[in-house]
Amino acid sequence: MSWFNIFRHLYNYFSGRRPALFLVAAAIIILSVVFLKYIRLSEDIKSMLPDNQKEFSIDFELLQHAPFTRKIIINLKDNSNGDFTELAEMADRLANAMTPPLFTRVITGPTINQDMDIYNWLIRNLPNLATDNDLEEIKAGLTTEHIRDQLTDDYDSLFSPEGWFLKDFIKTDPLNLKTFGLKKLTHLNIIPNVRLQDNHFINADGKNVLLIAETDVGITDADGAEKMLSQLNALAEGIVPQHVEMSVLSSYNYTVANAETIKKDLFVVLSISSLSIIILFIFFLRTWKALLVLLISFSSFAIALVSVSLIYKTVSAITIGFGSVLLGLSDDLSLHVYFALRPGKPKDRKHDISAIMAEVSRPVLFGGVITLCAFSLLMFSALPGQRQLGAFSIIGVLASLAMSLILLPHMMQVSSGGKDSHGFILKKQHPAHPSIIIGIWILLLTYCAWQGRHITFSGNLNALNFVSTELHGMETMIKETWGDFRGHAMIFSEGEDLESALAANDALFRYLKQNAGDGGIISIASIVPSIKTQQANQNAWNEFWSDKEANIRRILEEEGKALGFSVTAFDPFFSNLKASPSPILPEDLNVSGIKDILDSMIIYSDEKISILTLVPDTAEIRALIVRDKDSFPGVRFVSQSYFSEMIRKAIGHDFIRFITGAFFLILILLAVLFRDIKKVLLSLIPVVTGMVFMFGVMSLFNMPFNIFNIISTILIIGLGVDYGIFMVCKSSEDYEHDTDTAVLLSGLTTITGFGALIFARHPALHSIGITVLLGIGAAIPSAMFVIPAFYKIKNNANGEKSGTNMPQGKEG
Amino acid sequence: MNRLILIISVFLLPFSAFNEEPQDETDYASKKAEVFSRIEQAASSVQTLSGEFTQEKHLEILENAPISKGKFFYKSPDCLRWEVYEPTSMGFIVNGDKGKRWRGQSGSRQSFDLKKEPVIQIISGQVFAWARADFDQLEAGYDITVLEENPVILKLIPLSVTEKKYLDYIKLIFSTTEDYVSTIEIHESGGDFTRINFIDMAVNRPLKEDIF
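Just so we're clear, the structure is a prediction, and the values are computed from it rather than from any experiment.

A short note on the overall build of chain B
And then number 1: Counting its regular elements, chain B contains five helices and 11 strands.
And then number 2: Expressed as a percentage of the 212 residues in chain B, the buried residues total 25%.
And then number 3: For chain B, the share of sequence-separated contacts (at least 6 apart) that also reach a separation of at least 24 residues comes to 40%.

What follows is the structure in structure tokens.
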């Protein structure tokens with residue numbers, strides 16, 4: 001006990017220097033409140049990405065290069081029976097109205113409008129593009145029978161409605177080799193269900209047109225995104241009529257939705273938690289002096305926030321949201337001091353404040369230190385956001401401890417006098433049926449432990465983004481209308497220059513086709529191979545035809561003549577065979593309507609060039625790349641699901657480390673405090689109950705464990721142990737400072753702090769709220785009823801053994 | 001090539017006189033309006049059209065001009081059956097915005113959405129527009145000149161740049177009764193052309209529902 005006399009001495013020291021103490025405290029608090037408005041808020045989810053491994057940040061940056069990450073998808077859906085022309089014109093008008101600086105480019109279709117150009121381009125460039133496999137297939141079709149069949153088909157097609165259109169192709173491509181080229185184009189189709197009509201992107205039923213817009217607004221720039229989307233809506237008001245439904249989907253929608261939601265949540269959460277705490281204080285304390293405890297809570301919050309903003313450049317919105325939790329947390333300490341010194345205490349009790357401070361400082365300090373230790377573990381997290389939260393909580397708890405143990409006694413002393421209410425104080429009762437309480441507790445604990453074994457971990461960051469019903473509806477509608485063009489995995493083939501990047505991309509494409517088949521691979525390798533590959537293809541092409549041309553000419557002439565074709569009908573085909581087309585360069589394709597795809601698939605940076613390949617985001621393809629990654633230097637696989645998997649593993653690892661570390665620390669601290677294994681175990685009852693109950697209920701309702709639940713777990717551990725210490729001290733020692741009421745009130749204020757988070761619409765804040773509500777909600781009754789029940793049983797047993805009645809609530 | 005130019009020149013020679021528009025533009029405009037009005041009036045009573053057709057293909061890549069034969073059925077406002085039976089078998093049916101097409105004697109019929117078949121959409125659109133004599137729609141896409149009044153011969157020059165690339169002009173010769181088109185000539189930019197003659201056309205003959 002003597003060590004804690006420091007607080008007796010501190011009290012006595014400041015008794016003569018109260019004005020100076022109040023002045024310094026007031027200065028710190030006022031300065032903190034003033035600085036609050038200068039804090040830079042950040043809603044960037046990046047703060048919740050591990051920064052201890054370079055892989056995470058590289059992958060996160062690469063994920064931003066997905067073709068539609070920085071694009072705004074605008075869908076116009078005609079709900080009437082209007083014709084396509086009207087819809088297309090509307091799309092053009094809207095596109096023309098979307099001008100800089102907010103919109104840098106808008107496309108409603110490919111840059112050219114004649115498919116013929118693509119066909120002719122393919123026929124001309126087949127020598128550059130045809131692979132060995134293509135030549136094998138072509139060879140199989142060069143028999144007289146096949147050629148006769150093809151020519152007959154060509155001839156017949158002249159009488160079809162499309163005859164006039166097909167005539168030119170028959171001249172240049174009587175063997176229909178363009179199908180080999182067309183197959184290659186399928187690898188460029190990023191939007192599965194798109195088709196072209198009058199140079200517009202339309203869907204299968206012709207009721208939807210697609211506009212793709214670009215902007216210079218940063219993805220995390222919430223203000224810029226809001227301005228840009230508002231401008232788009234304003235433009236649409238004058239152009240898009242009632243019967244046409246406009247849907248806009250982009251990363252910017254999520255940025256705005258999240259920023260707006262967090263701002264609203266912060267207001268709602270902080271208001272509700274503050275108000276409910278005030279109501280609880282009024283109900284329990286019924287004196288204006290309760291404001292002193294509140295002052296400590298709010299001041300701790302302000303001091304912690306300002307301190308964190310001085311340490312970090314920006315303060316995460318999640319950290320501020322956590323402020324409501326800190327409000328509920330920091331008053332635990334001050335409440336215990338308040339109840340020890342509370343107004344209206346019976347005068348017959350020893351009311352030497354310095355002596356009470358020496359006594360009460362023990363559990364308060366230990367509770368505070370244990371909470372600090374639990375939070376300090378967050379400082380070892382791989383997630384910068386969690387480290388910031390750790391710093392915020394540590395500073396907040398330190399401030400609360402300092403003010404509760406040093407400032408509050410003097411404030412209460414100064415404000416003493418007058419007629420004070422006793423407030424609502426729990427009667428000192430001992431459990432009538434301790435065995436029943438313990439039995440129910442064991443049953444509940446067993447059931448929750450059984451349920452909790454199914455708990456799952458989730459690393460999906462998207463699930464922690466706020467997605468409104470409207471936004472979710474748009475996502476679904478656009479996915480159903482146009483196909484899933486936003487959910488691909490990405491493979492980057494890197495090179496120091498374009499040629500080396502294209503060569504790496506060629507190797508990857510060949511490998512994927514061999515091992516995963518053609519399906520779903522989006523790659524420019526089929527249309528823009530490296531120059532080296534093109535030269536090799538052209539050499540193989542020339543060699544292939546050199547010994548076949550004469551024979552094919554003879555067959556075409558003979559079979560053609562039999563059908564009625566003129567002798568010179570296929571001269572253009574043979575001219576093309578002999579031509580040596582220049583190698584295809586990405587810039588050549590600018591005139592062929594594929595520019596936009598190339599622009600999104602070739603990524604230029606200062607040091608290197610990366611070529612993007614999109615593949616289905618499946619475990620099989622990921623395994624393929626991982627298996628042979630050494631064969632493909634410069635190739636990197638990135639996908640949302642893989643990224644989530646990495647985060648999930650990091651969370652799991654963090655979680656195990658936190659739990660182990662926290663329990664280890666707490667056990668040491670409890671052992672130092674109590675030096676009694678039974679007391680240590682009893683102190684752990686609330687934390688174990690809270691944790692097991694939280695796991696059980698989360699598992700029961702299929703709620704996965706995410707990044708924010710880890711933070712919640714740390715809180716449950718920190719607070720649960722506090723309750724355990726207070727109740728064990730109260731039940732086992734001569735310690736009568738209305739601990740039951742203090743535990744109940746501090747628990748309720750914590751629950752209201754967390755409970756307020758349940759009203760948050762943002763999944764991250766909501767997630768913290770709901771899980772900790774479960775944990776603390778279970779920890780409080782276990783502290784208030786189960787610990788005393790154990791003591792009752794123990795006391796009864798001791799009484800029976802000694803044959804005497806030991807005083808209740810005291811340990812011999 | 002010289003032969004081709006000769007063929008084209010000889011073929012186009014008779015039309016050159018028609019290409020000269022009447023000196024008096026007001027007179028021409030009123031005559032054109034009168035012709036359009038006559039055709040509109042005649043077309044207004046047409047509910048069905050049925051008959052046979054021959055299609056001559058005058059193409060550079062073909063040694064001779066092959067003639068295909070087929071059957072044609074139209075029912076107001078938007079049903080069309082176009083069926084070639086010689087030298088090959090193929091055809092299509094349009095009924096509203098849906099359709100079917102086939103190729104070969106035993107070729108299975110493939111259903112299609114008219115919006116997804118741009119070529120058939122253009123052809124059927126032309127047929128429907130002429131059957132209704134919808135000159136507003138036709139003049140939106142073509143510059144129409146009256147070459148002859150009796151029988152009525154019209155020349156249509158496409159206005160769309162895209163269409164101009166492939167299509168030089170279309171010539172339509174109306175029946176003496178002016179209620180249907182008896183000959184269509186589609187002249188391409190390179191000189192090739194296709195002539196379709198409608199034979200034994202019956203106007204408003206009842207047609208079985210199942211042919212569409």
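Considering the overall build of chain A
And then number 1: For chain A, the count of helices and strands is 30 helices and 12 strands.
And then number 2: If you take every contact in chain A between residues at least 6 apart in sequence, the share linking residues at least 24 apart comes to 84%.

Let's talk about the packing of helix H2 (residues 18–35) of chain A against helix H16 (residues 384–414) of chain A
All names here are of chain A.
And then number 1: The N-to-C vectors of H2 and H16 enclose an angle of 120°; their axes lie 11 Å apart at closest approach. As summarised for this structure, H2 and H16 are arranged oblique, according to the angle between their axes. The crossing of H2 and H16 is left-handed. From H2, Arg18, Leu21 and Ala25 reach across to H16, where they touch Leu407, His410 and Val414.
And then number 2: In terms of residue class, the contact of H2 with H16 is made up of four nonpolar, one polar and one charged.

Let's talk about the interface of chain A and chain B
And then number 1: Each partner contributes residues to the interface: chain A has 18 residues there, and chain B has 22 residues.
And then number 2: Looking at the side of chain A that touches chain B, the element that brings in the most residues is helix H8 (residues 163–172) of chain A, giving five residues.
And then number 3: Here the residues of the side of chain A that touches chain B are counted per class, giving eight nonpolar, six polar and four charged.

Topic: the confidence of the model for chain B
All names here are of chain B.
And then number 1: When pLDDT is averaged along chain B, the result is 83, and 87% of the positions lie at 70 or above.
And then number 2: Counted against residues more than four places away or in other chains, residues 1–22, with its pLDDT under 50, gives 10 contacts.
And then number 3: Scored as a whole, the predicted complex attains pTM 0.66, and scored at its interfaces, ipTM 0.80.

Looking at helix H19 (residues 498–516) of chain A
Residues and elements named next belong to chain A.
And then number 1: With 19 residues, H19 should cover 27 Å at 1.5 Å per step; its first-to-last C-alpha distance of 26 Å lies within 8% of that length.
And then number 2: When H19 is considered as a whole, its buried residues turn out to be Ala501, Leu502, Ala503, Ala504, Asn505, Asp506, Leu508, Phe509 and Leu512.
And then number 3: Residues of H19 that are buried in the fold lie against strand S9 (489–495), helix H20 (531–546), strand S11 (609–615) and strand S12 (635–638).
And then number 4: Of the residues flanking the end of H19, it is glycine 517, one or two places downstream, whose phi is positive at about 80°.

Some points on the environment of leucine 172 of chain B
Residue and element names in this part refer to chain B.
And then number 1: Note that leucine 172 resides in strand S9 (residues 167–174).
And then number 2: When the C-alpha positions of leucine 172 and threonine 183 are compared, they lie 5.8 Å apart, and in sequence the two are 11 residues distant.
And then number 3: Those residues in contact with leucine 172 that sit more than four places away from it in its chain are Ile153, Leu154, Leu156, Val181 and Ile184.

Details of the nonpolar core
All names here are of chain A.
And then number 1: Ile714 and Ile716 are the most contacted members of the largest nonpolar core, which totals 161 residues.
And then number 2: The element contributing the most residues to this core is helix H30 (residues 763–802), with 18 residues.
And then number 3: Shared between two domains, this core takes at least three residues from each, and those domains are domain 1 (2–46 + 256–426 + 434–459 + 643–802) and domain 2 (69–111 + 198–249).
And then number 4: Look past the residues within four positions of isoleucine 716 in its chain and what remains in contact with it is Val687, Gly690, Met691, Met694, Val772, Gly775, Ile776 and Ala779.
And then number 5: Within the second largest apolar cluster, 36 residues are counted, among which are Leu612, Leu614, Phe637 and Ile647.

Let's talk about the sheet that holds S9 of chain B
Residue and element names in this part refer to chain B.
And then number 1: The antiparallel open sheet is built from 11 strands, whose spatial order is S6-S5-S4-S3-S2-S1-S11-S10-S9-S8-S7. Sheet topology places strand S6 (110–113) and strand S7 (142–149) at the edges, where each strand pairs with a single neighbour. Looking at each pair of strands side by side, their axes are set apart by 20° on average, direction ignored.
And then number 2: Where strand S1 (residues 48–58) meets strand S2 (residues 67–75), nine bridges bridge the pair, whose relative direction is antiparallel. Of the residues in S2, the one forming a bridge with phenylalanine 53 is glycine 70.
And then number 3: Packing of helix H2 (residues 25–44) onto the sheet brings it into contact with S7, strand S8 (152–158) and S9, and relative to S7 it is tilted by some 90°.

Examining the sheet that holds S12 of chain A
Either a parallel or an antiparallel arrangement is found when strands of a sheet pair, and the pairing is made through backbone hydrogen bonds.
Residues and elements named next belong to chain A.
And then number 1: The strand order across the open sheet built from four strands is S10-S11-S9-S12, with neighbouring strands paired in antiparallel fashion. The open sheet terminates on both sides in strands that have one partner only, identified here as strand S10 (602–604) and S12. Geometrically, the sheet is characterised by an average inter-axis angle of 25° between neighbouring strands, direction not taken into account.
And then number 2: Bridge count for S10 against S11 is three bridges, and the pairing is antiparallel. What sits directly across from tyrosine 604, in S11, is isoleucine 609.
And then number 3: Relative to the sheet, helix H3 (residues 54–63) contacts S9 and S12, its axis offset from that of S12 by approximately 80°.
And then number 4: Of the strands in this sheet, S9, S11 and S12 are in contact with H19, which crosses S9 at around 140°.

A word on the confidence of the model for chain A
Residues and elements named next belong to chain A.
And then number 1: When pLDDT is averaged along chain A, the result is 83, and 89% of the positions lie at 70 or above.
And then number 2: The least confident element of chain A, judged by mean pLDDT, is helix H13 (residues 317–321) at 71; the most confident is H20 at 95.
And then number 3: Confidence over residues 346–350 falls short of pLDDT 50; this stretch has one contact with residues more than four positions distant or in other chains.

Re the pairing of strand S11 (residues 193–203) of chain B
All names here are of chain B.
And then number 1: Pairing geometry for S1 and S11, over nine bridges, is antiparallel. Among the inter-strand pairings, leucine 49 is bridged to a residue of S11, identified as valine 203.
And then number 2: As judged from the five bridges shared by strand S10 (residues 181–188) and S11, these two strands associate in the antiparallel manner. Paired with histidine 187 across the strands is phenylalanine 193, a residue of S11.
And then number 3: Adjacent in sequence and paired antiparallel, S10 and S11 are bridged by four residues, among which glycine 191 carries a positive phi angle near 110°.

Describing the environment of aspartate 596 of chain A
And then number 1: Turning to its location among the elements, aspartate 596 of chain A is positioned in helix H23 (residues 595–601).
And then number 2: Sequence-wise, aspartate 596 of chain A and glycine 109 of chain A are 487 residues apart; in three dimensions their C-alpha atoms are separated by 9.8 Å.

Some words on unusual backbone geometry
And then number 1: A cis geometry characterises the amide bond from proline 100 of chain A onward to proline 101 of chain A, with omega recorded as 5°.
And then number 2: With respect to the secondary-structure elements, proline 101 of chain A resides in the loop between helix H4 (84–97) and strand S3 (105–107).
And then number 3: Of note, the bond from asparagine 150 of chain B into proline 151 of chain B is cis; its omega dihedral lies within 30 degrees of zero at -5°.
And then number 4: Of note, proline 151 of chain B is situated in the loop between S7 and S8.
And then number 5: You will see that asparagine 176 of chain A, though not glycine, has its phi angle at about 60°, which is positive.
And then number 6: For asparagine 176 of chain A, the position within the fold is in the loop between H8 and helix H9 (178–185).
And then number 7: Exposure remark for asparagine 176 of chain A: the 15 C-beta atoms within 10 Å place this residue in the partly exposed category.
And then number 8: Look at arginine 675 of chain A: it is not a glycine, yet its phi comes out positive at around 50°.
And then number 9: Mapped onto the elements, arginine 675 of chain A comes out in the loop between helix H25 (640–674) and helix H26 (677–683).

Description of the packing of helix H15 (residues 353–376) of chain A against H16 of chain A
All names here are of chain A.
And then number 1: Between H15 and H16, whose axes approach to 9 Å, the crossing angle comes to 170°. For the element pair H15 / H16, the angle class is roughly antiparallel. Facing Ile353, Met357, Ser361, Val364, Gly368, Thr371, Leu372, Phe375 and Ser376 of H15, the residues of H16 in contact are Gly390, Ser393, Ile394, Val397, Leu398, Leu401, Ser404, Leu405, Pro409 and Gln413.
And then number 2: Tallied by class, the residues present in the contact of H15 with H16 amount to 11 nonpolar, eight polar and no charged.

Quick notes on the rules
Residues numbered from 1 in each chain as written. Chains lettered and ligands numbered in written order. Predicted model: local features only at pLDDT ≥ 70, side-chain atom pairs only at ≥ 80, totals over all residues. Helix = DSSP H or I, 4+ residues; strand = E, 2+ residues; numbered from the N terminus. Buried ≥ 20, exposed ≤ 12 C-beta atoms within 10 Å, placed from the backbone. Contact = placed C-beta atoms within 7 Å. Axes fitted to C-alpha atoms, helices over the stretch in contact; angles between N-to-C directions. Parallel < 35°, antiparallel > 145°, perpendicular 65-115°, else oblique. Left-handed = near helix turned anticlockwise from the far one by under 90°. Nonpolar A, V, L, I, M, F, W, Y, C, P; charged D, E, K, R; others polar. pLDDT = per-residue confidence, 0-100. Expected span 1.5 Å × (residues − 1). Core = buried A, V, L, I, M, F, W, Y, C linked by C-beta atoms within 7 Å. Domains from an automatic or database assignment. Pairing = 2+ DSSP bridges.

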